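Structure assessment
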Amino acid sequence: MIKAVFQGVDGAYSQLALAHALRERGIEAQIEGVASYRHLATAVAGGRADAGILPLENAIVGTVREGYDLLAEYALAPLAEVLWRTDHRLLGVPGATLRDVREVLAHPLVIAECGTFLATLPHARAIPCEDTGVAAREVARGGNPAIASLGPSAAAAFYHLEELAEHCADDPGTYSRFVVFGADAADAWSGGGARPRKTSLILSVANRAGTLANTLTQLARGGVNVSKLESKPRLGHSDEHTFYIDVEGDLHDEVLREAVARMQREAKTLVVLGSYDAHVGAPAGANAAPAPISLPHLDVQPRSEAQPQPPGVVNSAFPLVARASRPGGSIVRVGAVSIGDGSFTIVGGPCSVESREQILLTAHGVVERGAVMLRGGAFKPRTSPYAFQGLGWDGVDLLAEAGRATGMPTVSEVMTIDQVERMAQRIDMLQIGARNMQNFDLLKAVGRAGRPVLLKRGLSATIDELLAAAEYILSEGNPNVVLCERGIRTFEPSTRNTLDLSAVPVLRERTHLPIFVDPSHGVGVRRWVRPLARAAKAVGADGLLIEVHSNPPEAKSDKEQALTFDDFAQIVHDLERIPLEHPALAVTR
Ligand code: PEP
Ligand code: MN
């Protein structure tokens, strides 16, 4: 059994295409979603997964350059092409009708592909969403007949939705082209010569008359057929152009090998991505039955208060956060990251955003080493008024830019009510810091902000007070709260705080909300963060919040606890060896 990864959550088109490619070859796999395309590449390059799937082309946008670029950047081996027919349906909760629909959630490309259909729903607004699976899951969670999504039949089956309309794409033939890739070329994927082969190249040539023609002539001379050619300017090299090229044939064929060698002599650079099985016949997926993928954890019950409860089950001062109200636990989604779904979420980044260079460097440093979310404070609650107070809104914009550059959702602290709305427009998750855990008006404001919240335990707050604070947020209609143990003040001065790891199993029993641990503020000393990070995973946390800095000695806040990239990589490496204490198991007594 191999492990294969796709970007998104259950019900994404790329998951269906991946499952199809595996089934066709009789390869058994455990299939998992990850947060971004870059995470796919790093998971496979780092040996955490055996295969992944990336998009290369879409009917509307054309080439998905990131797909080609990541294969090149991580020297990954393309194995098999899959053309997947994207047959969009309108998916709603059971009982909903077309007339009820006011909002349609969908990936922006899907919205573009379904323009004519959407125009027939005069009362509905299309709302972009990061992926097809996420859109369907949101509809199921909301339980609201006014909200529908666009996606495949398989997503309807996964999330128990109904198809309110079929064949919603303007062009019935729309499809996407994906490539399954691995760390190395693997025989299990090649049809043993039975299938035609394709080879992909990234070429750059000088921006002068005749250079491209001369290079391509080498292919023509060998009788090699070019099936795709697309150009883009080469960033930072205004005198060069880059071309994405697919040709028919395999590099094992002498003719192609020689043609490529001749091209190499003409080109400035030529990256040979590799040869792989071409897709045969019409795109797969048309009228496909829902793919038989077993889902490890599917939690799509609506979380509204209105959900009927068996009488007498919830008997708590804080009913909305009580475990009994959602015994299966809840999943909090931040962008494409799912917290509490049985995976372990690592959030990395500096204490404070200090400059564009610092946050971009740190963001790249942590994403390449396994972080899936980016942290960074722009408004800092500092004990001394003379200490660095953060860059404010400039810091927020820089954090958002670094999040976009690395494909990570972001989290940052809000300190006042008037910061909430603007922060919610730019940042994916709002942090309530320890010092504000009982700022009840602020809790109510983030309860209405429509963004997930990271709620840190107060310096001297009890577990019940933390739950009461979370109840404030849920009672305003926001169910997406992650709790964070970050150390409490005790009589022990050897560590910055006393990291109360016993809070994790206690919280697990009392609440359905996911639980993070912040070992950085917990101990406050760089070399002790690593053992506590290990302990946090072992004790059953859903994820970690860790402070990392591109240059710790220069950090403008909390430099004693800031980790270097190497420290962070070691922790991620350690954590991979610690089995996850699954929340569902953690509550059985
Ligand atoms: C932080 O995460 O940067 C922070 C200030 O944390 P806390 O509120 O836990 O002190
Ligand atoms: Mn800090």
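Residues numbered from 1 in each chain as written. Chains lettered and ligands numbered in written order. Predicted model: local features only at pLDDT ≥ 70, side-chain atom pairs only at ≥ 80, totals over all residues. Heavy atoms only, no water.

**A look at the state of the cysteines**
Under the counting rule described, the total for this entry stands at zero disulfides. In this structure cysteine 129 is a free cysteine whose sulfur lies 14 Å from that of cysteine 114, the closest cysteine sulfur available. Look at cysteine 129 and you get buried, because its relative accessible area is 9%. Unpaired in this structure, cysteine 168 has its nearest cysteine sulfur neighbour in cysteine 114, at a distance of 5.7 Å. (Disulfide = S-S within 2.5 Å. Buried < 20%, exposed > 50% of the residue type's maximum accessible area, 1.4 Å probe, protein only.)

**Let's talk about the packing of helix H10 (residues 356-367) against helix H11 (residues 393-406)**
A pair of packed helices is characterised by two quantities: the angle between their axes and the separation of those axes. The contact between H10 and H11 brings their axes to 9 Å, and the two run at 35 degrees. Taken as a pair, H10 and H11 cross one another with a handedness that is right-handed. Listed contacts from H11 to Arg356, Ile359, Leu360, Ala363, His364 and Val367 of H10 are Leu398, Leu399, Glu401, Ala402, Ala405 and Thr406. Here the contact of H10 with H11 is composed, by residue class, of eight nonpolar, two polar and two charged. (Axes fitted to C-alpha atoms, helices over the stretch in contact; angles between N-to-C directions. Helix = DSSP H or I, 4+ residues; strand = E, 2+ residues; numbered from the N terminus. Left-handed = near helix turned anticlockwise from the far one by under 90°. Contact = heavy atoms within 4.5 Å. Nonpolar A, V, L, I, M, F, W, Y, C, P; charged D, E, K, R; others polar.)

**Digging into the site of ligand 1**
What surrounds ligand 1 is the set Arg375, Lys380, Glu413, Gln431, Gly433, Ala434, Arg435, Lys456, Arg486, His521 and Glu547. Note that an oxygen atom of ligand 1 is positioned 2.7 Å from one of the side-chain N or O atoms of arginine 375. For ligand 1, an oxygen atom lies 2.6 Å from a polar atom in the side chain of arginine 486. (Near = heavy atom within 4 Å. Polar contact = N/O pair within 3.5 Å; in protein donor to acceptor, adjacent residues only side chain to side chain.)

**Thoughts on the domain arrangement of the chain**
Splitting the chain by domain gives domain 1 (1-86 + 174-189), domain 2 (89-165), domain 3 (196-280) and domain 4 (338-576). Here domain 2 and domain 4 have C-alpha centroids that lie 33 Å from each other. (Domains from an automatic or database assignment.)

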